[in-house]
Amino acid sequence: MSDPSPSRSLSGQVAVVTGAASGLGLAIAERLTEEGAQVALWDRDPTGLGHAREKIGATARAIVADVTDTKAVRAAWTKTKESLGTPSILVNSAGILGPSAAFADYPEEAWQRVLDVNLNGTFRCCQAAVPDMVAAGYGRIVNIASVAGKDGNPYVAGYVASKAAVIGLTKSMGKELATRGVLVNAIAPSASETAIFGELTDAYRARLIANVPMGRFVAPREIAEMALWLASSACSFSTGATFDISGGRATF
Ligand SMILES: NC(=O)c1ccc[n+]([C@@H]2O[C@H](COP(=O)([O-])OP(=O)(O)OC[C@H]3O[C@@H](n4cnc5c(N)ncnc54)[C@H](O)[C@@H]3O)[C@@H](O)[C@H]2O)c1
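We now turn to the structure provided with this report. (Residues numbered from 1 in each chain as written. Predicted model: local features only at pLDDT ≥ 70, side-chain atom pairs only at ≥ 80, totals over all residues. Heavy atoms only, no water.)

### Let's talk about the state of the cysteines
Then, in step 1: Inspection of every chain in the model, using the stated rule, returns 0 disulfides.
Then, in step 2: Between Cys125, a cysteine without a disulfide, and Cys126, which holds the nearest cysteine sulfur, the sulfur-to-sulfur distance is 7.1 Å.
Then, in step 3: By relative accessible area, which is 0% here, Cys125 ends up buried.
Then, in step 4: Exposure remark for Cys126: the relative accessible area of 3% places this residue in the buried category. (Disulfide = S-S within 2.5 Å. Buried < 20%, exposed > 50% of the residue type's maximum accessible area, 1.4 Å probe, protein only.)

Have a look at this one:
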């Protein structure tokens, strides 16, 4: 598609949202659907995907895909193209937190796994998408990073490193594709109360919001609103950037 005039409407566009069975991915898929996009919901969790598809409605397609599997990602891209048309939007939200452990005890296997999902998974999905977006002369990629990737959080070294790397990947891709109509940006949220944390005790909940000046969790819907703008043609002169949504926590 050629570059549409700046608008938040996504009517006629196809979007892929990874990690769409839950949390931020689901909220983003819902918001993009409300603005007229047909959304391919990608996730490794078939049951969660079924519920998400029911919630979002008939325009969405549920596609089981594990972002750690390059062949599965390629197959999901092809399936999305065949069933909905070529996507002009990719939102990379699939992610895991990994263990909480002192750095000296942080298991190498978990380090590899967290990087493989959060960083390499984002790389794989972007690589599947970019050739078609460049050929179309238009695309919007939104990577869900984290304020943890900017500020650093103790005891989650793999997670922090993966999110800092996603911010770096976003910068590199943004600069490389800047004249091709394909804009690549990231979002860096503070804590949002989703399944990623597992069971939240009161003490854990308090710790998560202790360094957020606004003193609360960010709602998935608030993140979805930012993702919508970045996924639309209304975002026309920002690329390679990381957008803060941390209630005042981030210091740069
Ligand atoms: N919740 C937060 O506080 C927070 C803050 C900042 C950034 N983020 C980031 O937002 C993104 C979404 O997290 P969330 O809070 O919605 O968590 P969530 O656990 O609710 O959702 C994550 C989704 O990703 C899917 N997923 C995990 N591994 C996958 C894989 N290998 N292949 C395909 N799908 C996979 C899960 O099945 C799940 O549906 C993550 O990248 C996370 O790091 C979350």
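### Here we look at the packing of aromatic side chains
Then, in step 1: Evaluation of the coordinates by the stated rule reveals 4 aromatic pairs.
Then, in step 2: An angle of 85° between the planes, with centres 6.5 Å apart, marks the rings of Trp42 and Trp77 as edge-to-face. Residue Trp42 is found in strand β2 (residues 38-43), and its partner Trp77 is found in helix α3 (residues 70-84); the two are separated by 35 residues along the sequence.
Then, in step 3: Owing to a relative accessible area of 0%, Trp42 belongs among the buried residues under this scheme.
Then, in step 4: Overall, the relative accessible area of 4% leaves Trp77 in the buried class.
Then, in step 5: Here Trp229 and Phe243 contribute two aromatic rings whose centre-to-centre distance is 6.0 Å and whose plane-to-plane angle is 70°, an arrangement assigned as edge-to-face. On the criterion of sequence distance, the pair formed by Trp229 in helix α8 (residues 220-231) and Phe243 in strand β7 (residues 242-245) is long-range, its members being 14 residues apart.
Then, in step 6: It is Lys150 that lies over the ring of Phe252; its NZ or CZ is 5.5 Å from the centre. (Phe/Tyr/Trp six-rings, centres within 6.5 Å; stacked < 30°, edge-to-face > 60°. Helix = DSSP H or I, 4+ residues; strand = E, 2+ residues; numbered from the N terminus. Lys NZ or Arg CZ within 6 Å of the ring centre and 35° of its normal.)

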